[in-house]
Amino acid sequence: MADSESVRIAPEMPAMFDGMKLAAVAAVLYIIVRCLNLKSPTASPELTFQDTPLTRFLLKSCPLLTKEYIPPLIWGKSGHVQTALYGKMGRVSSPHPYGLRKYLPMSDGATATWDLFEPMAEHNTGEDITMVICPGIANHSEKQYIRTFVDYAQKNGYRCAVLNHLGALPNIELTSPRMFTYGCTWEFGAMVNYIKKAFPQTQLVVVGFSLGGNIVCKFLGEDQVNQENVLCCISVCQGYSALRAQETFLQWDQCRRFYNFLMADNMKKIILFHRKILFGENGCKSPNALVDVDLSKLYTATSLMHIDDNIMRKFHGYDTLKEYYEQESCMHYLHNIQIPLLLVNAQDDPLVHDSLLTIPRSLAEKKENVMFVLTLHGGHLGFFEGAVLFPKPLTWMDKLILEYANAICHWEKNKPQCTASSDQNCSDHSE
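Residues numbered from 1 in each chain as written. Predicted model: local features only at pLDDT ≥ 70, side-chain atom pairs only at ≥ 80, totals over all residues. Heavy atoms only, no water.

## Quick notes on the overall build of the protein chain
Turning to step 1, where the next piece is worked out: The secondary structure content of the protein chain amounts to 17 helices and 9 strands.
Turning to step 2, where the next piece is worked out: The buried share of the protein chain, taken over its 431 residues, is 54%.
Turning to step 3, where the next piece is worked out: Once local pairs closer than 6 in sequence are excluded, the contacts in the protein chain between residues at least 24 apart make up 78%. (Helix = DSSP H or I, 4+ residues; strand = E, 2+ residues; numbered from the N terminus. Buried < 20%, exposed > 50% of the residue type's maximum accessible area, 1.4 Å probe, protein only. Contact = heavy atoms within 4.5 Å.)

In structure tokens, the structure reads:
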């Protein structure tokens, strides 16, 4: 009897297991679809600007502003994957442009370094144009996304000067107890002034990525003199206000707290690499060096805010973290910028909270020289393009910066006729 019952039950078991397999597969597919955001549509960027002759010219001259940005099909709609690929891989098949490293002594004993890359072709306006570039946090000219962009700019007739953030290069030791901070413009300003003196005929295009976007916008807004001979400024994926951002970086929404921990860990490694000069170890004590208690607090830090409060703000003598964030953020300087300003962000950037995007949006609504571009996808400095799985070497971001810069160069060269009614002639010249 027992045997006959077991015979009747046995055929039902495979069906039950098949059902469990199907349920597991369905659950995995659901998770993949949700995590990779596969159901999200593609769209053209959301633009905020005022209707002026310049913006009408830019819309005609820059097709990427009005075309759909189409990321790689499988993973490109996930801001996390785009950000992770940028962080770990940088770019695909990154070239190795040849540059000349420059060293500039600063008044406090620090030594600024930057790399100069000469153009590999004549600019299509026939003018001498130099891009002055400020990379993201703890980045430098040897990062793959910077190398890819510089190579592309060189081939389009631009000289490029790329700042190496103070302390970021592993083979360059600090010469004073100070390293780069969120909004210090000293090294970038020194590089720009050198370019203006060495190439008096050149005109400048200012480009900043992430933290570099904050630095370049703050630099331009600090003094109107800094805008002389500058054609335009392009900022990509910055957060505009460190004071507003600090609360969002402690939230788990979009895994922001996890990214905060990873960036803090990287900053700790850089600071500890330079501990000899920063903390005055092995007989290298300087009057401005940090003290041992700062070092002990650094070891226990788990966020950028902890490091900023215990280490970074002290490089410039700020009494509180709030004061440091207020004074170092470009938010209070943006209204002083009078040259054409392009601000680019991605809606799915896991590092920049939606609330921060009201800053560039409201600025573009009030100022005629500002255009705010918000893509649906792209992550943080990702903006990869590609058909299905493998990304292309050049990103949407690389192409947009060049497209916008080229358009502004043509606008400035042909400004009298561009401001007239025949805008079509100008757009023809920019292509």
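## What to know about helix 6 (residues 186-198)
Since the α-helix advances by 3.6 residues per turn, residues separated by three or four positions end up pointing in the same direction.
Turning to step 1, where the next piece is worked out: Given a rise of 1.5 Å per residue, 13 residues ought to cover 18 Å, and the 18 Å separating the end C-alpha atoms of helix 6 matches this to within 8%.
Turning to step 2, where the next piece is worked out: Those residues of helix 6 that sit buried are Glu187, Phe188, Gly189, Ala190, Met191, Val192 and Ile195.
Turning to step 3, where the next piece is worked out: The inward-facing, buried residues of helix 6 contact strand 2 (100-105), strand 3 (111-117), strand 4 (129-134), strand 5 (158-164), strand 6 (203-209) and helix 7 (211-222). (Expected span 1.5 Å × (residues − 1).)

## Focus: the packing of helix 9 (residues 256-273) against helix 11 (residues 292-300)
Turning to step 1, where the next piece is worked out: Direction vectors running N to C along helix 9 and helix 11 enclose 150 degrees, while the axes themselves pass 10 Å from each other. Here helix 9 lies roughly antiparallel to helix 11, going by the angle between them. Relative to helix 11, the crossing made by helix 9 is left-handed. In this structure, helix 9 contributes Lys268, Ile271 and Leu272 to the contact, and helix 11 contributes Leu295, Leu298 and Tyr299.
Turning to step 2, where the next piece is worked out: Taken together, the residues of the contact of helix 9 with helix 11 sort by class into 5 nonpolar, no polar and 1 charged. (Axes fitted to C-alpha atoms, helices over the stretch in contact; angles between N-to-C directions. Parallel < 35°, antiparallel > 145°, perpendicular 65-115°, else oblique. Left-handed = near helix turned anticlockwise from the far one by under 90°. Nonpolar A, V, L, I, M, F, W, Y, C, P; charged D, E, K, R; others polar.)

## Focus on the environment of threonine 320
Turning to step 1, where the next piece is worked out: Note on placement: threonine 320 falls in the loop between helix 12 (304-310) and helix 13 (321-328).
Turning to step 2, where the next piece is worked out: According to the relative accessible area criterion, threonine 320 is partly exposed, its value standing at 40%.
Turning to step 3, where the next piece is worked out: C-alpha of threonine 320 to C-alpha of aspartate 309: the two residues are 11 residues apart in sequence and 7.2 Å apart in space.
Turning to step 4, where the next piece is worked out: Side-chain polar atoms of threonine 320 contact the backbone nitrogen of glutamate 323, separated by 3.1 Å. (Polar contact = N/O pair within 3.5 Å; in protein donor to acceptor, adjacent residues only side chain to side chain.)

## Thoughts on unusual backbone geometry
Turning to step 1, where the next piece is worked out: The phi torsion at alanine 138 lies on the positive side, around 60 degrees, for a residue other than glycine.
Turning to step 2, where the next piece is worked out: Under the relative-accessibility criterion, alanine 138 is labelled buried at 8%.
Turning to step 3, where the next piece is worked out: With a phi close to 60 degrees, leucine 381 is a non-glycine residue in the positive phi region.
Turning to step 4, where the next piece is worked out: Note that leucine 381 resides in the loop between strand 9 (370-375) and helix 15 (396-413).

## Digging into a nonpolar patch on the surface
Turning to step 1, where the next piece is worked out: A contiguous nonpolar surface patch, about 480 Å² in accessible area, is contributed by Leu73, Ile74, Val388, Leu389 and Phe390.
Turning to step 2, where the next piece is worked out: Its place among the elements puts leucine 389 in the loop between strand 9 and helix 15.
Turning to step 3, where the next piece is worked out: Its relative accessible area of 42% is what places leucine 389 among the partly exposed residues. (Patch = residues over 30% accessible without salt bridge, like charges linked within 9 Å, V, L, I, M, F, W, Y side chains within 5 Å. Areas by Shrake-Rupley, 256 points an atom, 1.4 Å probe, with all protein chains shown as cover. Salt bridge = Lys/Arg side-chain N within 4 Å of Asp/Glu carboxyl O.)

## Comments concerning the sheet that holds strand 4
Note: strands within a sheet are paired through backbone hydrogen bonds, in either parallel or antiparallel orientation.
Turning to step 1, where the next piece is worked out: On the basis of which strands lie adjacent, the open sheet formed by 9 strands has the order 1-9-8-7-6-4-5-3-2 and mixed pairing. Taken across any chain shown, the strands that pair with only one partner, and hence form the sheet edges, are strand 1 (46-48) and strand 2. Averaged over all adjacent pairs, the angle separating strand axes in this sheet is 20 degrees, with direction ignored.
Turning to step 2, where the next piece is worked out: Relative to strand 9, strand 1 runs antiparallel, the two being bridged by 3 bridges. Opposite leucine 47, over in strand 9, you have valine 373 as the bridge partner.
Turning to step 3, where the next piece is worked out: Sitting on the sheet, helix 6 touches strand 2, strand 3, strand 4, strand 5 and strand 6, and the angle it makes with strand 4 is about 170 degrees.
Turning to step 4, where the next piece is worked out: Taken strand by strand, helix 7 contacts strand 4, strand 6, strand 7 (230-236) and strand 8 (341-346), and its axis lies near 140 degrees from that of strand 6. (Pairing = 2+ DSSP bridges.)

## Thoughts on the nonpolar core
Turning to step 1, where the next piece is worked out: Formed by 75 residues in total, the largest nonpolar core has its most connected members in Met179 and Phe188.
Turning to step 2, where the next piece is worked out: For methionine 179, the residues in contact, after removing those within four places along its chain, are Leu166, Leu174, Met267, Ile270, Ile271, Leu278, Met312 and Phe315.
Turning to step 3, where the next piece is worked out: Counting residues in each nonpolar core, the second largest holds 46 residues, with Tyr86, Cys232, Val344 and Leu402 among its members. (Core = buried A, V, L, I, M, F, W, Y, C linked by side-chain atoms within 4.5 Å.)

## A look at the packing of aromatic side chains
Turning to step 1, where the next piece is worked out: Inspection of the entire model under this criterion finds 13 aromatic pairs.
Turning to step 2, where the next piece is worked out: Considering the side-chain rings of phenylalanine 57 and tryptophan 411, the 5.4 Å spacing of their centres and the 40 degrees angle between planes classify their relative orientation as tilted. Linking phenylalanine 57 in helix 3 (residues 53-61) with tryptophan 411 in helix 15, this pair joins segments that are 354 residues apart in sequence.
Turning to step 3, where the next piece is worked out: The exposure class assigned to tryptophan 411 is buried, which follows from its relative accessible area of 6%.
Turning to step 4, where the next piece is worked out: With a centroid separation of 5.8 Å and an interplanar angle of 80 degrees, the aromatic rings of phenylalanine 149 and phenylalanine 209 are classed as edge-to-face. One end of the pair, phenylalanine 149, is in helix 5 (residues 144-155); the other, phenylalanine 209, is in strand 6, and 60 residues separate them in sequence. (Phe/Tyr/Trp six-rings, centres within 6.5 Å; stacked < 30°, edge-to-face > 60°.)

Remember, this is a structural readout, not a statement about activity or role.
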